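# Fold and contact review
This is what each chain is made of:
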Amino acid sequence: MNIQEATEAEEQILLIYRFVEEDRLFRRKIHESGLPLKENKVLQRLLKRKDAEEILRNCILELEEKRTGSRPSPLEFEEMMVSFDLTPLYRKYGLKGLGDIYKLDLKKLCSLL
């Protein structure tokens, strides 16, 4: 995996991470089935896992290390997630918001990982 592939994979996983976070928050507050998902078996399986955020966090940390040569600390990771603006990524990947996450090519993403 080259630097560009690692960057794109990290960006897409960041989007998925935020999607999972928001889905979990939505479920806690509204007690409903979560954000709309369309037919995406990868995302459906991921949302069913209790450790989904941990899995995605580890992927992000490994890709960040591959891209930059250093692994963020847990505090740096949390700061990165809070301050990260998803708007440019929405445009880059043709999404209107997190509800369009199913438009990502997750098969391609999984093959990179």
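What comes next concerns the included structure. (Residues numbered from 1 in each chain as written. Predicted model: local features only at pLDDT ≥ 70, side-chain atom pairs only at ≥ 80, totals over all residues. Heavy atoms only, no water.)

## What about the packing of helix α3 (residues 52-68) against helix α4 (residues 74-83)?
Relative to each other, α3 and α4 sit at 100°, their axes nearing to 12 Å. Taken together, the axes of α3 and α4 are roughly perpendicular relative to one another. Only Phe77, Glu78 and Met80 of α4 make contact with α3, whose side of the interface consists of Arg57, Ile60 and Leu61. (Axes fitted to C-alpha atoms, helices over the stretch in contact; angles between N-to-C directions. Helix = DSSP H or I, 4+ residues; strand = E, 2+ residues; numbered from the N terminus. Parallel < 35°, antiparallel > 145°, perpendicular 65-115°, else oblique. Contact = heavy atoms within 4.5 Å.)

## Comments concerning helix α2 (residues 41-48)
Every buried residue belonging to α2 is among Leu43, Leu46 and Leu47, and all of these are buried. Buried positions in α2, seen along its axis, are confined to an arc of 95° and lie on one side of it. Of the exposed residues in α2, the ones pointing more than 90 degrees away from its buried face are Lys41, Arg45 and Lys48. (Buried < 20%, exposed > 50% of the residue type's maximum accessible area, 1.4 Å probe, protein only. Arc of directions from axis to C-beta.)

## Let's talk about the pattern of salt bridges
Within this structure, the stated rule accounts for 6 salt bridges. A salt bridge links Arg67 to Glu10, with the shortest nitrogen-to-oxygen separation between them at 2.7 Å. Of the two residues, Arg67 is situated in helix α3 and Glu10 in helix α1 (residues 3-30); the sequence distance between them amounts to 57 residues. In this structure Arg67 comes out as partly exposed when scored by relative accessible area, which is 31%. (Salt bridge = Lys/Arg side-chain N within 4 Å of Asp/Glu carboxyl O.)

## Remarks on α3
End to end, α3 covers 24 Å across 17 residues, agreeing with the expected 24 Å (1.5 Å per residue, within 8%). Looking only at α3, the buried set comprises Ala52, Leu56, Ile60, Leu61, Leu63 and Glu64. One or two residues past the end of α3 sits Gly69, with phi positive at roughly 90°. (Expected span 1.5 Å × (residues − 1).)

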